[in-house]
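Fold and geometry: a report
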Amino acid sequence: MTNNLFNKKVCLDNCTFVKTSLMFFVVLYHSCIFWTGTWSSGQSVAIESNILAIFAEWLNTFHIYGFVLVSGYLFFYHMNETKRYYNYHLFIESKIKRLILPYWFVMLVWVAPIAEIVQGYSYRELIVRYFFGTSPNQLWFLWMLFWVFVIIWPLNNIIKNNFGAFIISVFSWGIGLIGSKVVPNIFCIWSAFNCLPYFIIGMKFREKSEKAFMKIPTWFLLFVDIVIFMLLQRAENCSGLIARVSTLGLSYIVRIVGSVVAFLVLQRVALKMRVGGGKQIIHIYLKIFYVNIFVPPTNYLFCDYMA
C-alpha cells in the first residue's frame, strides 16, 4: 500500500474522495455548531453537550483549510503539469462562472431572503453582508476561493521556490490579519489572504510529492493534531498578553497541521477503500456540496420555529 501512495497519479485520483469527505465534514460541522454557542440565531440547545461542542471546534480547525489545500494540489497539477490553465483571462472567466455566478444566484434567491425574514436585518445590513460579501454566511467560501485563484496565478513561478512560497505565505497571512482589522472584509478578500497559505501548501505537496509524510504513521499524525488542538483550547481559556499571542499562533499552527493531516489520512483511507475518482464519488461530492449551500440557511428557520 505504501508504494502505491508514492504514485502521484493515484493521489490525484484520490483527491475526489478527499474533497467529498471534507465537504461531508463541513456539513457535519454545521450540524454540530449549535452546541458551540456561536450560531448566529442565539438559540440554545435543549440538551447541552460539551463533547459535541469540542468536536465541532475540532472540525473547524481543518475541514475548510483541508479543502483549500486540495484545491492548491489540483491547481498545481493543471497549471504546471497538464498546462490546462494557459490563459489568465480565460482562467478567471471560468472561475467567475463556477464561483461568482452561483454565489449571486444562491444569495439572491435563498440565503439573503431567509436571513432577512429570520434575522430581521435592515436593508443596509443586507447590502453590507450579502451584496458586498462581508459576511455572507456559508457562501463566503466561494468569494474566498475566487480571490485565491486571482492572486495565485501571477505568483505561480515564485511559489516553485520554497523560500518564495514561505515568504508569500507569511506575508499573505499578515495581510489578511491586519487588513481585517482596518478595512471591512468586502467580498471576503481578507479571508482569501488568510487561506492562501493552505492553498500554497497543497501546491507544494503536488510539486514535491508527499512521500516523506506518507512514511509517518497515521496514529502519530492524528496524535499531533489533537495535542495541538488541546493546547489551543487551553490557551483560549487563559487571559493575558501571552495567552492571546499563544492563541493566535496556535490557531494558525493547528489549521496548518489539521489540513495536512486531513489530506494525508483521507488519501490513505481512499487507497485502502480503492475508491479513486469514480463517478459515484463525484455524484456524492456534488450532492454534499449542494446540501452545504442550501441547508444551513434553513437552520435559521428551524431555530426560530423551536424558540
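Residues numbered from 1 in each chain as written. Predicted model: local features only at pLDDT ≥ 70, side-chain atom pairs only at ≥ 80, totals over all residues. Heavy atoms only, no water.

**Here's the deal with the overall build of the chain**
Summing up its helical and strand segments, the chain has 15 helices and zero strands in all. Scored against the burial criterion, the 307 residues of the chain give a buried share of 49%. For the chain, the accessible area works out to roughly 16000 Å², and carbon and sulfur atoms hold 67% of it. (Helix = DSSP H or I, 4+ residues; strand = E, 2+ residues; numbered from the N terminus. Buried < 20%, exposed > 50% of the residue type's maximum accessible area, 1.4 Å probe, protein only. Areas by Shrake-Rupley, 256 points an atom, 1.4 Å probe, with all protein chains shown as cover.)

**Focus on the nonpolar core**
With 85 residues, the main nonpolar core has Phe75 and Phe263 as its most contacted residues. Top contributing element to this core by residue count: helix H13 (residues 241–273), with twelve residues. (Core = buried A, V, L, I, M, F, W, Y, C linked by side-chain atoms within 4.5 Å.)

**Observations regarding the environment of Val26**
Inspection of the secondary structure puts Val26 in helix H2 (residues 8–32). Classification of Val26 by relative accessible area gives buried; the value is 4%. Counting along the chain gives 41 residues from Val26 to Phe67, while the straight-line C-alpha distance between them is 9.6 Å.

**Overview of the packing of helix H3 (residues 50–59) against helix H12 (residues 218–236)**
Contact geometry for H3 and H12: axes closest at 11 Å, N-to-C directions at 115°. Relative to H12, H3 is oriented roughly perpendicular. Taken as a pair, H3 and H12 cross one another with a handedness that is right-handed. Contact residues: H3 offers Ile54, Glu57 and Trp58, while H12 offers Asp225, Ile226, Phe229 and Gln233. Split into classes, the residues belonging to the contact of H3 with H12 amount to four nonpolar, one polar and two charged. (Axes fitted to C-alpha atoms, helices over the stretch in contact; angles between N-to-C directions. Parallel < 35°, antiparallel > 145°, perpendicular 65-115°, else oblique. Left-handed = near helix turned anticlockwise from the far one by under 90°. Contact = heavy atoms within 4.5 Å. Nonpolar A, V, L, I, M, F, W, Y, C, P; charged D, E, K, R; others polar.)

**Side note on helix H10 (residues 189–208)**
Under the 1.5 Å per step criterion, the end-to-end length of H10 is 29 Å for 20 residues, consistent within 8% with the ideal 28 Å. Its axis deflected by about 40° at Cys195, H10 carries its strongest bend there, up to four residues before the proline Pro197. Along H10, 16 of the 20 residues are buried, which leaves the element largely enclosed by surrounding structure. (Expected span 1.5 Å × (residues − 1). Bend = angle between axes of the 7 residues up to and from the residue.)

**A closer look at the side chain of Ser259**
Assignment of secondary structure puts Ser259 in helix H13. Contacts of Ser259, omitting those with residues within four sequence positions, involve Phe62, Tyr65, Gly66, Leu69 and Tyr198.

**Here we look at the side chain of His78**
Turning to its location among the elements, His78 is positioned in helix H4 (residues 63–81). Those residues in contact with His78, other than ones at most four positions away along the chain, are Lys83, Arg84 and Tyr85.

**Points about the packing of aromatic side chains**
Tallied over the full model, the rule gives 30 aromatic pairs. Measuring from centroid to centroid gives 5.6 Å for Phe91 and Phe149, while their planes differ by 85°, and the two rings are edge-to-face. With Phe91 in helix H5 (residues 88–119) and Phe149 in helix H7 (residues 140–152), the pair connects residues that are 58 residues apart, well separated along the chain. The buried category is assigned to Phe91, whose relative accessible area is 2%. By way of ring pairs, the aromatic residues Tyr103, Trp104, Phe131, Phe132, Trp143, Phe146, Trp147 and Phe187 are connected into one cluster. Above the ring of Phe149, the side-chain terminus of Lys95 is found at 4.4 Å from the ring centroid. (Phe/Tyr/Trp six-rings, centres within 6.5 Å; stacked < 30°, edge-to-face > 60°. Lys NZ or Arg CZ within 6 Å of the ring centre and 35° of its normal.)

**A few points about a nonpolar patch on the surface**
Taken together, Phe105, Leu108, Val109, Ile127, Phe131, Phe132 and Ile186 make up a surface patch of nonpolar side chains, about 630 Å² in accessible area. Of all the secondary-structure elements, those providing two or more residues to the nonpolar patch are H5 and helix H6 (123–131). For Val109, the position within the fold is in helix H5. (Patch = residues over 30% accessible without salt bridge, like charges linked within 9 Å, V, L, I, M, F, W, Y side chains within 5 Å. Salt bridge = Lys/Arg side-chain N within 4 Å of Asp/Glu carboxyl O.)

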